[in-house]
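This is what each chain is made of:
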Amino acid sequence: MKRSFPFQDLVVAALLLPLAACAQTAPTVPVPAAPAAVAPATAAPVPSALSQPLTQQQFASCVQNLAQQTALSGRPLRREDFERIAAGGRYDDRVRQSMLVTTTEPTFWWDELAATTDEDRVQQGRAILARERDALQRIETQFGVPKEIVLAIYGIETNFGPASGRIPVLDASLSLVCLRPCPPTATAPGSCMARERAFAAVRLLRDRRVQPESFVGSWAAAFGRTQFVPDTYELVAVDGDGDGVADIINSERDAWASTANHLKQRGGWRMGEPVYLEVSIPQEQRAEFAARDNSIRLTDRAKRLSEWTAMGWRVLAPNAVTPQPGSDPELYPFLPVGLPGPAFLVSRNFDTVLRYNRSERYVMEVSLLANKIAGGTDFVTAWPTDDPGLTRAQVRDLQNWLVQRGHAQVVADGVIGRVTRDAIAAERAAKGLPAGRRVGQRTMRELMQP
Ligand SMILES: [Ca+2]
């Protein structure tokens, strides 16, 4: 999900896509820790099952095997329908390569948030809000989910529409389940998510709920303006523009209504509770939050806002999406990188967005962008780095410079992917900078100095 996912973008995309869009059928808490944010790890070992592309024969045999499992589908699917439609599916090795990228390239909170919540995206969001205020307000009222949150998901997922991926969803979903087969123990109907996703893609084509030529999306099989995977589409997509059809590919209002419906129906969104409040923690209580490799997310420590305040925790800035939290919400501590670094109290709505995409970083991207669209500020507390992240405009400048330096394969799309990182690594070496595949505000200046 998220943004376009042209292949180069997958490093950024992958982090936000650990399990693809709204895919979870089971509760997603607790969540696996985010990738190490402070110390850039060395590349993780490549899982052996993903080290080679599947052969055509392996893929064909996998699809044949799936055809024998249609009885395990969570919704009715006849074997002959699966065989007829899956015959049009192809193995796409971009899926495997993307799965590898997710496991091997360390990234940083401050880079991701600087790019995904930059001023360009905020202004785009505000322009849509101005143009579609009535429609968005109707959706907010109908589903009880703030319009800025819905808009922010739209902005983060596909950059407000145009970039929704280019891999046929049928190909992606079949490739996924063949690359990472279901465990033999998954014998109950609907029990294996990857298999169900492929079956759902087939059902959507069978029922002509999507057109084959526009049924394209990310490597993780997420499609449409807010990037639903097929099985989630079946569960929560709704009509938002009144024509009786839930078309999340072509209709913005359908995509918004479907997203709001997901957050409400599946995630239990609570109106009046801010996703996060940035806080300061009293000196004598800070020791337990000292930096570690992983984020600190203490779901079992929820207390009323008034109780935190009584303990000396201080809200540093209001959340503009919910400027006046209703009825003293329950909040728990969340520190993305420990201390030093920004600290938050988050509500159950944090968990709600986490059900949309199982990534803590995704939740903060969405909720920070929503806050900015609503007129709020960036985080008050600085990230623990002397080399903060780049906006997309700065990344484009960097990429143009890399092209001028002879890295012709780099595309100035404002998204740092594998190809851009390769070029950065080469230029850092040429400049005598410490080895690395990253550039921030400071290192960009150092690198580009004549
Ligand atoms: Ca519609």
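What comes next is a walk through the structure. Just so you know, these numbers come straight off a predicted model, no measurement behind them. (Residues numbered from 1 in each chain as written. Predicted model: local features only at pLDDT ≥ 70, side-chain atom pairs only at ≥ 80, totals over all residues. Heavy atoms only, no water.)

### Things to note about the overall build of the chain
- When its secondary structure is counted, the chain shows 18 helices and 8 strands.
- When the 450 residues of the chain are sorted by exposure, 56% land in the buried category.
- Roughly 18,300 Å² of accessible area belongs to the chain as shown, and the carbon and sulfur atoms make up 52% of that amount. (Helix = DSSP H or I, 4+ residues; strand = E, 2+ residues; numbered from the N terminus. Buried < 20%, exposed > 50% of the residue type's maximum accessible area, 1.4 Å probe, protein only. Areas by Shrake-Rupley, 256 points an atom, 1.4 Å probe, with all protein chains shown as cover.)

### With respect to the state of the cysteines
- Counted according to the given criterion, the structure contains 2 disulfides.
- The disulfide bridge from Cys62 ends at Cys178, spanning 1.9 Å between sulfur atoms. Every disulfide takes its handedness from the sign of the S-S torsion; for Cys62 and Cys178 that torsion is -85°, giving left-handed. One end of the pair, Cys62, is in helix α2 (residues 56-67); the other, Cys178, is in helix α9 (residues 169-179), with 116 residues separating them in the sequence. We note that Cys62, like Cys178, is buried.
- The disulfide that involves Cys182 links it to Cys192, with 1.9 Å between the sulfurs. Because the sign of the S-S torsion sets the handedness, a value of about -80° for the bond joining Cys182 and Cys192 places this disulfide among the left-handed ones. Here the residue Cys182 occupies a position in the loop between α9 and α10 (193-206), and Cys192 occupies one in the loop between α9 and α10, the gap between them amounting to 10 residues. Here the two residues Cys182 and Cys192 agree in accessibility, since each one is buried.
- For the chain, the disulfide bridges join cysteines in the arrangement 1-2, 3-4, where the cysteines are counted in sequence order. (Disulfide = S-S within 2.5 Å.)

### Some words on unusual backbone geometry
- Cis peptide bonds are those with omega within 30 degrees of zero, and the linkage from Leu339 to Pro340 qualifies with 0°.
- Along the chain, Pro340 falls in the loop between β7 (330-335) and β8 (343-346).
- Unlike most non-glycine residues, Arg208 shows phi in positive territory, near 55°.
- Along the chain, Arg208 falls in the loop between α10 and β2 (216-217).
- Owing to a relative accessible area of 68%, Arg208 belongs among the exposed residues under this scheme.
- The phi torsion at Gln227 lies on the positive side, around 55°, for a residue other than glycine.

### Some words on the coordination of the calcium ion
- The protein atoms that coordinate the calcium ion are Asp239 (OD), Asp241 (OD), Asp243 (OD), Val245 (O), Asp254 (OD) and Asp254 (OD), at distances of 2.2 to 2.6 Å.
- The coordination sphere of the calcium ion comprises 6 donor atoms, whose angles at the metal cover 53 to 159°; the geometry is irregular.
- Counting gaps between the donor residues of the calcium ion yields the pattern D-x1-D-x1-D-x1-V-x8-D. Taken as a pair, Asp243 in the loop between α11 (230-236) and α12 (252-266) and Asp254 in helix α12 lie far apart in primary sequence, 11 residues in all.
- Here Asp254 falls in the buried class, since its relative accessible area comes to 0%. (Donors = N, O, S within 2.8 Å, 3.2 Å for Na, K, Ca; no water. Tetrahedral: all angles 85-135°; square planar, octahedral: opposite > 155°, others 65-115°.)

### As for the pattern of salt bridges
- Enumeration according to the criterion identifies 31 salt bridges in this entry.
- In this structure, Glu234 engages Arg75 in a salt bridge whose closest nitrogen and oxygen atoms are separated by 3.8 Å. On the criterion of sequence distance, the pair formed by Glu234 in helix α11 and Arg75 in the loop between α2 and α3 (79-86) is long-range, its members being 159 residues apart.
- You can call Arg75 partly exposed: its relative accessible area is 32%.
- Arg78 serves as the salt-bridge partner of Asp81, at 3.2 Å between the closest nitrogen and oxygen. (Salt bridge = Lys/Arg side-chain N within 4 Å of Asp/Glu carboxyl O.)

### With respect to α12
- For α12, spanning 15 residues, the distance from its first C-alpha to its last is 20 Å, which sits close to the expected 21 Å at 1.5 Å a residue.
- Burial of α12 is extensive: 12 of the 15 residues sit out of reach of the surface.
- Within α12 the residues assigned to the buried category are Glu252, Asp254, Ala255, Trp256, Ala257, Ser258, Thr259, Ala260, Asn261, His262, Leu263 and Arg266.
- The inward-facing, buried residues of α12 contact α6 (119-131), α7 (133-143), α8 (147-158), α11 and α14 (348-356). (Expected span 1.5 Å × (residues − 1). Contact = heavy atoms within 4.5 Å.)

### A look at the environment of Leu54
- Looking at where Leu54 falls in the secondary structure, it is placed in the loop between α1 (10-15) and α2.
- Its relative accessible area of 17% is what places Leu54 among the buried residues.
- In the structure, Leu54 is positioned 37 residues away from Tyr91 in sequence and 7.7 Å away in space, judged by C-alpha atoms.
- Beyond its immediate stretch of four places on either side in the chain, Leu54 contacts Tyr91, Cys178 and Leu179.

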